Amino acid sequence: MTDCIFCKIAQGIIPVTFVHQDEKVVAFKDLNPQAPIHVLVVSRVHIPALTVPEASDPKVLGAIFNVIRQLAVSLRLEHGFRVVANCGPEGGQSVPHLHFHLLGGRQMNWPPG
């Protein structure tokens, strides 16, 4: 998708410092962090949201969650972390590309807001 910022990041068109990259998933620090550790985990394949049929692909979702697990270990989040997927405008999704926020390094409160 030509206008998608996450597609451009995943393709290397927009430079970022990756904390992880493989053939299916990239991860990088959020530019507006909401916790001491705030990483975006993004599929290389353009999937607009969790609500579309393509999001049910277990290979893509499995790869994403495997990366989240690896990052939680490497970033030393053994005391806890939060994984967030915003879905749609009312859910706070500002970029229409499937992605997950990995947040940690502080106490997470509930409800989140």
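A quick note: this is a predicted structure, and the numbers were derived from the prediction, not measured.

Overview of the overall build of the chain
Then, in step 1: Along the chain, the regular secondary structure elements total 2 helices and 5 strands.
Then, in step 2: Reading the chain from its N terminus to its C terminus gives the helix and strand order α-β-β-β-α-β-β.
Then, in step 3: Against the globule reference of 13 Å for 113 residues, the chain gives a C-alpha radius of gyration of 14 Å, in line with a compact fold.
Then, in step 4: Considered along the principal axes of its C-alpha atoms, the chain spans approximately 35 × 30 × 25 Å.
Then, in step 5: Across the 113 residues that make up the chain, the buried fraction comes to 37%.
Then, in step 6: Summarising the internal contacts of the chain: among those between residues at least 6 apart in sequence, 54% fall at separations of at least 24.
Then, in step 7: Element-wise, carbon and sulfur atoms account for 57% of the exposed surface of the chain, whose accessible area totals about 7,000 Å².
Then, in step 8: Separation of charge centres in the chain, based on 9 positive and 8 negative side chains, amounts to 8 Å.

Focus: the nonpolar core
Then, in step 1: Formed by 18 residues in total, the largest nonpolar core has its most connected members in V25, V39, V41, I64, I68, L71 and L102.
Then, in step 2: Those elements that place two or more of their residues in this core are β2 (25-29), β3 (37-43), α2 (58-74) and β5 (99-104).
Then, in step 3: Contacts of I64, omitting those with residues within four sequence positions, involve V25, V41, S43, L98 and F100.
Then, in step 4: Of all hydrophobic cores here, the second largest spans 10 residues; its members include C4, I9, F28 and V42.

What about unusual backbone geometry?
Then, in step 1: Here W110 and P111 are connected by a cis peptide whose omega angle stands at 0°.
Then, in step 2: Along the polypeptide, P111 turns up in the segment after β5.
Then, in step 3: Residues other than glycine seldom take positive phi values, yet R76 does so here, at roughly 60°.
Then, in step 4: Within the secondary structure layout, R76 lies in the loop between α2 and β4 (81-84).
Then, in step 5: Accessibility expressed as a relative area gives 67% for R76, which makes it exposed.

Rules behind the numbers
- Residues numbered from 1 in each chain as written.
- Predicted model: local features only at pLDDT ≥ 70, side-chain atom pairs only at ≥ 80, totals over all residues.
- Heavy atoms only, no water.
- Helix = DSSP H or I, 4+ residues; strand = E, 2+ residues; numbered from the N terminus.
- Rg over C-alpha atoms; globule rule 2.2 N^0.38 Å.
- Buried < 20%, exposed > 50% of the residue type's maximum accessible area, 1.4 Å probe, protein only.
- Contact = heavy atoms within 4.5 Å.
- Areas by Shrake-Rupley, 256 points an atom, 1.4 Å probe, with all protein chains shown as cover.
- Lys, Arg positive; Asp, Glu negative; His and termini not counted.
- Charge placed at Lys NZ, Arg CZ, Asp CG, Glu CD.
- Core = buried A, V, L, I, M, F, W, Y, C linked by side-chain atoms within 4.5 Å.

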